[in-house]
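Chain residues, written in single-letter form:
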Amino acid sequence: MDVIEGDHQSSLKLLRNFDSLVFGSLFPHVNTRDERSDLLTSMYGYTTHSTTFSWELLMDQIKFYLYLERKGLVKVIRSREDLSAPVTKLLLSLEGADVLRDYTDIYILRELHVRNLGLTWNYDNKFASSCMSGKDYGLTSEGEELVKLANSLGIIVDLAHAGKRTVMDVASITRKPVIVSHGNVMKLKTHRRNLDDEEIEAVVRTKGVIGVTAIVSTLREPTLQGLVENLRYIGESYGWEYVSLGTDFLGIEKTPEGFDNVMKVNDLLKYVEGHEEEVLWKNAMRVIMANMV
């Protein structure tokens, strides 16, 4: 797909219609097919590959974002000042810490301007258990060091895909607000990727934010209204300062009916009247600023 000029879900061309700051996903995984991919496919409702991780692929993906910056199409966030750049702003976000050999590799990530770190993807790793875990063991001792170091280096800890014990463990030790960059509400739809009320409360206690996602299998109703339902549940139950958008566009195969690309955000905002700025940018920006050092 063409992430520069395309019309599929999201692209730099479409984002030019907004004053945009988006999380630029780093997904250094190579697709494979095995029993684990069969399990993931059954859980998501569409073909989902198993993967192996690659440091070389991570470097290639960062190089691509830096290429876009050299062309003047984006600004990679390195400092607070970059948050006001007059072009689309990219906050580099690593999805899953699997590629790290040990927690001190996060120093390298910081030098490469990675500002958001997802502890897990769909797998358990040496740092934490994922929401797909057969044994949710939470943070390991090395995972605790990773969270503490992320706090000190100004890297946001992202709990999307994390297991419940991981969410609770991180919330108990973090000194900075955390995020769930893309996740929905378990009370509305039972799905391993969704958060139960105890997990939502834990994120809220950190003054963090939950990005409601367009992954259709995590919605009670695979429509724009299903997405709105999750926004309103978190906003009305826990406070509108703790909910945002985390579409996962370009990372999903199927979109909710009535919400097929980023231009539909304007339609969604009609249903959160009075909270548009909080949902669209204020809440996420608050967490980004709180983590900046």
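Above this text you will find the structure in question.
For clarity, every value in this text was computed on a predicted model and none was experimentally measured.

### Things to note about the packing of helix H6 (residues 164-173) against helix H7 (residues 197-205)
Packing of H6 against H7 leaves a shortest axis separation of 9 Å and a crossing angle of 25°. Considering their axes alone, H6 and H7 lie roughly parallel with respect to each other. When the axes of H6 and H7 are compared, the crossing they make is left-handed. Every residue of H7 that contacts H6 at Lys-164, Val-167, Met-168 and Ala-171 is listed here: Glu-198, Glu-199, Ala-202, Val-203 and Arg-205. Partitioning the contact of H6 with H7 into residue classes produces five nonpolar, no polar and four charged.

### Topic: the environment of Asp-2
Relative to the assigned elements, Asp-2 resides in the segment before helix H1 (12-15). A relative accessible area of 42% places Asp-2 in the partly exposed class. For the pair Asp-2 and Ile-252, spaced 250 residues apart in the sequence, the C-alpha separation amounts to 15 Å. A distance of 3.1 Å separates a polar side-chain atom of Asp-2 from the backbone nitrogen of Glu-5.

### What about the side chain of Arg-115?
Position of Arg-115 relative to the elements: it lies in strand S6 (residues 114-118). Among buried Asp, Glu, Lys and Arg side chains, Arg-115 stands out as unpaired, with Asp-82 the closest opposite charge at 7.3 Å. For Arg-115, the residues in contact, after removing those within four places along its chain, are Ile-77, Arg-78, Ser-79, Leu-91, Leu-92, Arg-110, Leu-153, Gly-154, Ile-155, Ile-156, Met-292 and Val-293.

### Points about helix H10 (residues 276-291)
For H10, built from 16 residues, the straight-helix expectation of 22 Å at 1.5 Å per residue is met to within 8% by its first-to-last C-alpha distance of 23 Å. The sharpest bend along H10 comes to roughly 45°, located at Lys-282.

### Describing the packing of aromatic side chains
What the rule picks out here adds up to six aromatic pairs. When the ring of Phe-64 is compared with that of Tyr-65, the centres are 6.0 Å apart and the planes differ by 50°; the resulting orientation is tilted. What links up through ring pairs into an aromatic cluster is the set Phe-27, Trp-121 and Tyr-123. Sitting over the ring of Tyr-123, Arg-36 keeps its end group 3.7 Å from the ring centre.

Calculation notes
Residues numbered from 1 in each chain as written. Predicted model: local features only at pLDDT ≥ 70, side-chain atom pairs only at ≥ 80, totals over all residues. Heavy atoms only, no water. Axes fitted to C-alpha atoms, helices over the stretch in contact; angles between N-to-C directions. Helix = DSSP H or I, 4+ residues; strand = E, 2+ residues; numbered from the N terminus. Parallel < 35°, antiparallel > 145°, perpendicular 65-115°, else oblique. Left-handed = near helix turned anticlockwise from the far one by under 90°. Contact = heavy atoms within 4.5 Å. Nonpolar A, V, L, I, M, F, W, Y, C, P; charged D, E, K, R; others polar. Buried < 20%, exposed > 50% of the residue type's maximum accessible area, 1.4 Å probe, protein only. Polar contact = N/O pair within 3.5 Å; in protein donor to acceptor, adjacent residues only side chain to side chain. Lys, Arg positive; Asp, Glu negative; His and termini not counted. Salt bridge = Lys/Arg side-chain N within 4 Å of Asp/Glu carboxyl O. Expected span 1.5 Å × (residues − 1). Bend = angle between axes of the 7 residues up to and from the residue. Phe/Tyr/Trp six-rings, centres within 6.5 Å; stacked < 30°, edge-to-face > 60°. Lys NZ or Arg CZ within 6 Å of the ring centre and 35° of its normal.

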